[in-house]
Amino acid sequence: AFLREHTGHDFPVLSHLRHARAIRAIATMIRDNCAGDDSRLGLATKHRAGLVYAGLVRDDRLAAETRSLAASAGATDLDEIARFAAEDTDFDDVRAVGRAASAHGPALLLAKAAASSPARITPAVLEQERDLAPAAIVEPVSWLSLLQLLHRLASFYG
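What comes next is a walk through the structure. (Residues numbered from 1 in each chain as written. Predicted model: local features only at pLDDT ≥ 70, side-chain atom pairs only at ≥ 80, totals over all residues. Heavy atoms only, no water.)

If you want to describe how two helices pack, look at the angle between their axes and the distance between the axes. Two elements in contact, helix α4 (residues 60-72) and helix α5 (residues 78-86), have axes separated by 11 Å at closest approach and are oriented at 140 degrees. With respect to α5, the element α4 is oriented oblique. In the crossing of α4 with α5, the sense of the turn from one axis to the other is right-handed. Of α5, the residues touching α4 (which contributes Arg-67, Ala-70 and Ala-71) are Leu-78, Asp-79 and Ala-82. Of the residues assigned to the contact of α4 with α5, the class counts are four nonpolar, no polar and two charged. (Axes fitted to C-alpha atoms, helices over the stretch in contact; angles between N-to-C directions. Helix = DSSP H or I, 4+ residues; strand = E, 2+ residues; numbered from the N terminus. Parallel < 35°, antiparallel > 145°, perpendicular 65-115°, else oblique. Left-handed = near helix turned anticlockwise from the far one by under 90°. Contact = heavy atoms within 4.5 Å. Nonpolar A, V, L, I, M, F, W, Y, C, P; charged D, E, K, R; others polar.)

Below is the structure:
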């Protein structure tokens, strides 16, 4: 109920946890990451970055959740973002990276490079991030880390 009230989604994977401290800690991290007033990127971009992550790890449940959060934040290009997540990107190719940044923005390029396994934050990617404020770089990386935790929990609890 707390998360539904603060984020618009209840993150059902947390119902599997039995330790109140762990639930409160994760719920607080989710709430804080979904607070629009503190976002340098804007929640639509942040949740679109989450959709990129969910697509790369092929987590349909997380993709549906991040899609819902992004739509609630006003994002309208979610099918395009899902395709961006699914397509191959050569992070060493300066022109390919430039096209991806031009089409989807530096924050989503960063999300895709960071979400890749292993991470593919190459010099070409870093060049595209040059105009982002440091907080606008940390924000999506932190969000992806939290989504990775939720993805791992869901994988564990099946």
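This brings us to unusual backbone geometry. The phi angle of most residues is negative, glycine excepted, and most peptide bonds adopt the trans form. Looking along the chain, the bond that leaves Ser-117 and enters Pro-118 is cis, with omega of 0 degrees. Of note in this structure, Phe-11 is not a glycine but carries a positive phi near 45 degrees. Along the chain, Phe-11 falls in the loop between α1 (2-7) and α2 (20-33). Note on Phe-11: relative accessible area 1%, which makes it buried. Even without glycine at this site, Arg-58 takes up a positive phi of about 55 degrees. (Buried < 20%, exposed > 50% of the residue type's maximum accessible area, 1.4 Å probe, protein only.)

Moving on, we get to the environment of Ile-121. Tracing the backbone through its elements, the reader meets Ile-121 in the loop between α7 (106-115) and α8 (123-128). Put simply, Ile-121 and Phe-91 are 30 residues apart on the chain and 7.4 Å apart in space, counted from C-alpha to C-alpha. Filtering out sequence-adjacent residues up to four positions away, Ile-121 remains in contact with Leu-110, Ala-113, Ala-114 and Leu-126.

Taken residue by residue, helix α6 (residues 94-104) has Ala-96, Val-97, Ala-100, Ala-101 and His-104 as its buried positions. Viewed end-on, α6 has its buried residues packed into an arc of 135 degrees, placing them on one side of the element. With respect to the buried face of α6, the exposed residues turned more than 90 degrees away are Val-94, Arg-95, Arg-99, Ser-102 and Ala-103. Its buried side turned inward, α6 meets α3 (43-56), α5, α7 and α8. Taking the backbone nitrogen of Arg-95 as reference, a side-chain oxygen 2.9 Å away marks Asp-93 as the first, capping residue of α6. Where α6 terminates, the next one or two residues include Gly-105, which has phi positive at roughly 95 degrees. (Arc of directions from axis to C-beta. Polar contact = N/O pair within 3.5 Å; in protein donor to acceptor, adjacent residues only side chain to side chain.)

Next up on the list: α2. Note that an α-helix has 3.6 residues per turn; residues three or four places apart therefore point the same way. Helix length check: α2 (14 residues) gives 20 Å between terminal C-alpha atoms against 20 Å at 1.5 Å per residue, within 8%. Looking at α2, one finds that the buried residues are Ile-26, Ala-27, Ile-30 and Asn-33. Seen end-on, α2 carries its buried residues on one side only, within an arc spanning 130 degrees. Facing away from the buried side of α2 by more than 90 degrees, the exposed set consists of Arg-21 and Arg-24. Taken together, the buried residues of α2 touch α1, α3 and α9 (134-157). (Expected span 1.5 Å × (residues − 1).)

What is shown is where atoms sit, not what they do.
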